[in-house]
Amino acid sequence: MEAEGLDWLLVPLHQLVSWGAAGAMVFGGVVPYIPQYRDIRRTQNAEGFSTYVCLVLLVANILRILFWFGRHFESPLLWQSIVMILTMLLMLKLCTEVRVTNELNVKRRFFADFDPRHFWHWSSFGDYVQCVVAFTGVAGYITYLSIDSALFVETLGFLAVLTEAMLGVPQLYRNYRHQSTEGMSIKMVFMWTSGDAFKTAYFLLNGAPLQFSVCGLLQVLVDLAILGQAYAFARHPPKPAPHAAHPASAKAL
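Just so we're clear, the structure is a prediction, and the values are computed from it rather than from any experiment. (Residues numbered from 1 in each chain as written. Predicted model: local features only at pLDDT ≥ 70, side-chain atom pairs only at ≥ 80, totals over all residues. Heavy atoms only, no water.)

Asker: Looking at this structure, how should I read empty space enclosed by the protein?
Answerer: A probe matching the size of a water molecule, rolled over the atoms, marks out where space remains unfilled. Scanning the entire structure with this criterion turns up two cavities of 30 Å³ or more. In this structure, the second largest cavity is lined by Arg 64, Val 161, Glu 164, Ala 165, Lys 199, Phe 203, Phe 212, Cys 215, Gly 216 and Gln 219. Those elements giving two or more residues to the lining of the second largest cavity turn out to be α7 (150-165), α9 (186-205) and α10 (210-235). Counting residues per element, the lining of the second largest cavity draws most heavily on α10, at four residues. Class assignment for the residues of the lining of the second largest cavity results in five nonpolar, two polar and three charged. (1 Å grid on protein atoms, 1.4 Å probe; cavity = no way out; pocket = protein on both sides within 12 Å on 5 of 7 lines; lining within 4 Å. Points joined across faces, edges and corners; volume = space filled by probe spheres on them. Helix = DSSP H or I, 4+ residues; strand = E, 2+ residues; numbered from the N terminus. Nonpolar A, V, L, I, M, F, W, Y, C, P; charged D, E, K, R; others polar.)

Asker: Please explain the state of the cysteines as it appears in this structure.
Answerer: Where two cysteines share a covalent bond between their sulfur atoms, that bond is called a disulfide. In this structure the tally under the stated criterion is zero disulfides. The thiol of Cys 54 is not disulfide-bonded; the next cysteine sulfur, from Cys 95, is found 5.9 Å away. (Disulfide = S-S within 2.5 Å.)

Asker: Please clarify how the UniProt feature "transmembrane region" (unreviewed entry) in the protein should be interpreted in this entry.
Answerer: Cross-referencing UniProt, the feature "transmembrane region" (unreviewed entry) maps to residues 16-37, 49-71, 77-98, 119-144 and 150-173 in the present numbering. Helix makes up 100% of residues 77-98 and strand 0%, and the two end C-alpha atoms of the span are 32 Å apart. A distance of 35 Å separates the end C-alpha atoms of residues 150-173, which is 88% helix and 0% strand. (UniProt positions renumbered as here; feature names shortened; annotations may be inferred.)

Asker: When you look at the nonpolar core in this model, what are you seeing that I'm missing?
Answerer: Side chains of nonpolar character tend, in soluble globular proteins, to be buried together. Tyr 33, Phe 49 and Trp 120 are the most contacted members of the largest nonpolar core, which has 56 residues in total. Secondary-structure elements contributing two or more residues to this core are α2 (7-28), α3 (33-43), α4 (52-70), α5 (75-102), α6 (125-146), α7, α9 and α10. Ranked by residue count, the leading element in this core is α5, at 12 residues. Excluding its chain neighbours within four sequence positions, the residues that come into contact with Trp 120 are Thr 51, Tyr 52, Cys 54, Leu 55, Leu 58, Leu 92, Tyr 128, Cys 131 and Val 132. (Core = buried A, V, L, I, M, F, W, Y, C linked by side-chain atoms within 4.5 Å. Buried < 20%, exposed > 50% of the residue type's maximum accessible area, 1.4 Å probe, protein only. Contact = heavy atoms within 4.5 Å.)

Asker: Would you mind going over the pattern of salt bridges with me for this structure?
Answerer: Any two side chains of opposite charge can pair if their charged atoms end up close together. If you walk through the whole model with that rule in mind, you get five salt bridges. A salt bridge links Lys 93 to Glu 97, with the shortest nitrogen-to-oxygen separation between them at 2.6 Å. One end of the pair is Lys 93 and the other is Glu 97, both in helix α5 and four residues apart, which spans about a single turn. Notably, a salt bridge pairs Asp 115 with Arg 117, separated by 2.8 Å at the nearest N-O pair. (Salt bridge = Lys/Arg side-chain N within 4 Å of Asp/Glu carboxyl O.)

Asker: Please clarify how a nonpolar patch on the surface should be interpreted in this entry.
Answerer: On the surface, a cluster of nonpolar side chains totalling about 390 Å² of accessible area is made up of Met 166, Val 169, Leu 218, Leu 221 and Leu 224. Secondary-structure assignment places Leu 224 in helix α10. (Patch = residues over 30% accessible without salt bridge, like charges linked within 9 Å, V, L, I, M, F, W, Y side chains within 5 Å. Areas by Shrake-Rupley, 256 points an atom, 1.4 Å probe, with all protein chains shown as cover.)

Asker: Help me understand the packing of helix α8 (residues 169-178) against α10, please; the structure alone is not making it clear to me.
Answerer: Relative orientation and spacing of two packed helices are given, respectively, by the angle between their axes and the distance between those axes. Viewed as axis vectors pointing N to C, α8 and α10 meet at an angle of 20°, and their least axial separation amounts to 9 Å. One finds that α8 runs roughly parallel with respect to α10. By crossing handedness, the relation of α8 to α10 is classed as left-handed. Within the contact between the two elements, α8 uses Val 169, Gln 171, Leu 172, Asn 175 and Tyr 176 and α10 uses Val 222, Ala 225, Ile 226, Gln 229 and Phe 233. Broken down by class, the residue content of the contact of α8 with α10 amounts to seven nonpolar, three polar and no charged. (Axes fitted to C-alpha atoms, helices over the stretch in contact; angles between N-to-C directions. Parallel < 35°, antiparallel > 145°, perpendicular 65-115°, else oblique. Left-handed = near helix turned anticlockwise from the far one by under 90°.)

So, in structure tokens, the structure goes:
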């Protein structure tokens, strides 16, 4: 009787918590990039951030949206992908503008050159958009032809979440190559870790496809590895390299 009397409070409270969790899923993924975006704008230096992070997330979320057409999953996860794609395009636009401004007397590179040596290192934001549109068109056409194959759809879903699980790998490699995390926002990585932990718990509690949960756990492990790098390099910073006449700038991947 007492439980029934509390229904008027518990039901809307449960609904409110559900809406809050859904909102956190949709917008929580972009929050870690806010401090990195502000740092790049403030310093006008994008060297510490790997734009391959943007590539990984663009590919992962485009594939996830295509997976939705074959196997519908919760709407917040679909909207999360749309919001993340827009966010990564904004990050790319800023990084490209800053890099091109800082590069003097460098030959302009274009997507239409189809030069693999300069892949994802073009001179105009428009070239990145062309690449994303081309990938979406090809992947979408293949999905349209194969949408009736359960094996293809499940493989597509696995590739989507596995690609997203590799999100931190470009940054992990960049840090290892330079033996430094200089220019990388530690706040961003802390937010990655907390967000990925929340996301994985959300997958487990809401019965998301198994691929989502497994790759979410892998993503948390990569985040922790990056935090480990930050701690290690802070305790044992590398010795400064000898001064050179024309030092090469340490470019993120």
